[in-house]
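# Observations on the model geometry
In case you want the letters, here they are:
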Amino acid sequence: MESARIVAWRYNYLQRLNKLRSEGSQIVFLDETWYDTDDAVRKGWDDGTCSCILKSPSSRGKRIMVLHAGGRGGWVPNCLYLSARNIQDSEADSHDEMTGEVFENWFKTRLLQNLPRDKKCVIVMDNASYHSRQAIKSPTLRSSVKDIINFMQYHKIPVPHPIPIKAAMVQTIGKANINKTYIVDELATSYGHEVLRLPPYHCVLNPIELVWDRLSPM
């Protein structure tokens with residue numbers, strides 16, 4: 001059963017998306033996918049000719065990473081990100097290849113540079129960790145007292161005097177319910193666009209997933 005938080009998130013997401021569409025905003029969906037070039041079918045039917053013989057890669061092949069964005073009008077031009085690395089140098093998933101730094105650089109130099117400048121765009125993405133690096137991270141017990149105090153002052157949270165222990169200050173910050181700010185969200189805002197995040201576990205609401213299914217190697 002879904003939690004009330006996810007239900008509310010989905011409702012708010014759909015309401016916001018419909019409102020932005022009615023206002024004429026351009027909706028842009030983005031996502032990543034990957035595949036291994038060694039993922040080949042090793043058996044199949046043939047008609048007895050050499051042309052039907054399947055040839056599997058002789059080596060373990062490459063890990064191919066794809067990142068792109070598009071919408072009703074097709075792919076955003078000049079926005080495709082492709083990379084390849086040896087499979088033996090890759091992890092089980094793609095998280096070692098797609099990092100916050102890589103994604104943010106693509107977002108700034110490829111996506112934002114090729115979106116319309118005279119029209120608001122809504123950039124829809126999921127909540128992957130590399131999509132969600134915080135501009136200013138909330139301090140933890142591992143943070144220095146100086147960093148905790150600076151964070152509290154930046155967010156206008158009163159700093160008690162005398163200075164309490166770190167655990168007390170971190171607890172005070174938690175009670176302040178400070179909205180998290182993400183690097184890519186701020187980048188999008190600086191260009192007059194908006195980031196809209198999918199509800200967790202709802203990749204089905206991102207139509208680009210259907211495109212990845214069609215692009216998957218047979």
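Before reading further, recall that the structure is shown in the block above.
All values derive from a computational prediction rather than experimental measurement. (Residues numbered from 1 in each chain as written. Predicted model: local features only at pLDDT ≥ 70, side-chain atom pairs only at ≥ 80, totals over all residues. Heavy atoms only, no water.)

What follows deals with the nonpolar core. Membership of the largest hydrophobic core comes to 24 residues, with the highest contact counts inside it found for L30, F103, W106, F107, L111 and I123. Elements with a minimum of two residues in this core: strand 1 (26–36), strand 2 (62–71), helix 2 (100–114), strand 5 (121–125) and helix 5 (183–190). Looking at this core, the element that brings in the most residues is helix 2, giving 5 residues. Apart from the residues lying within four places of it in its own chain, the contact partners of I123 are V28, L30, F107, L111, L112, L115, A188, H193, E194, V195 and L196. (Core = buried A, V, L, I, M, F, W, Y, C linked by side-chain atoms within 4.5 Å. Buried < 20%, exposed > 50% of the residue type's maximum accessible area, 1.4 Å probe, protein only. Helix = DSSP H or I, 4+ residues; strand = E, 2+ residues; numbered from the N terminus. Contact = heavy atoms within 4.5 Å.)

Let us now look at helix 5. Where helix 5 is concerned, the buried positions are V184, D185, L187 and A188. Projected down its long axis, helix 5 carries its buried residues within an arc of 160°, all on one side. Pointing more than 90 degrees away from the buried face of helix 5 are the exposed residues T189 and S190. In this fold, the buried residues of helix 5 make contact with helix 2, strand 5 and strand 6 (194–197). The first or second residue beyond helix 5 is G192, which carries a positive phi of 85°. (Arc of directions from axis to C-beta.)

The next thing to look at is the environment of V76. Locating V76 in the fold gives a position in the loop between strand 3 (74–75) and strand 4 (81–86). Along the chain, V76 and N114 lie 38 residues apart, while their C-alpha atoms are 6.8 Å from each other. For V76, the contacting residues outside a window of four places in its chain are V28, H68, A69, G70, L111, N114 and L115.

Per the counting criterion, the structure on display carries 3 aromatic pairs. Between W75 and W212, the ring centres sit 5.9 Å apart and the planes meet at 25°, which makes this aromatic pair stacked. Of the two residues, W75 sits in strand 3 while W212 sits in helix 6 (residues 208–215), which places them 137 residues apart along the sequence. With relative accessibility at 39%, the residue W75 sits in the partly exposed group. Here the aromatic rings of F103 and F107 are separated by 5.8 Å at their centres, their planes lie at 40°, and the arrangement is tilted. In this pair, F103 and F107 both sit in helix 2, 4 residues apart, roughly one turn of the helix. With respect to class, F103 is no different from F107; both count as buried. Members of the aromatic cluster, each reached through a chain of ring pairs, are F103, W106 and F107. Its guanidinium or amino end placed over the ring of Y182, R197 lies 4.5 Å from that ring's centre, counting from NZ or CZ. (Phe/Tyr/Trp six-rings, centres within 6.5 Å; stacked < 30°, edge-to-face > 60°. Lys NZ or Arg CZ within 6 Å of the ring centre and 35° of its normal.)

Take the packing of helix 2 against helix 5 next. For any two helices packed against each other, one specifies the crossing angle of their axes together with the interaxial distance. Between helix 2 and helix 5, the shortest axis-to-axis distance is 10 Å and the interhelical angle comes to 15°. It follows that helix 2 is roughly parallel to helix 5 by the angle criterion. In the packing of helix 2 onto helix 5, the handedness of the crossing is right-handed. Residue-level inspection shows F103, E104, F107, K108 and L112 of helix 2 in contact with helix 5, the latter providing I183, V184, L187 and A188. Of the residues assigned to the contact of helix 2 with helix 5, the class counts are 7 nonpolar, no polar and 2 charged. (Axes fitted to C-alpha atoms, helices over the stretch in contact; angles between N-to-C directions. Parallel < 35°, antiparallel > 145°, perpendicular 65-115°, else oblique. Left-handed = near helix turned anticlockwise from the far one by under 90°. Nonpolar A, V, L, I, M, F, W, Y, C, P; charged D, E, K, R; others polar.)

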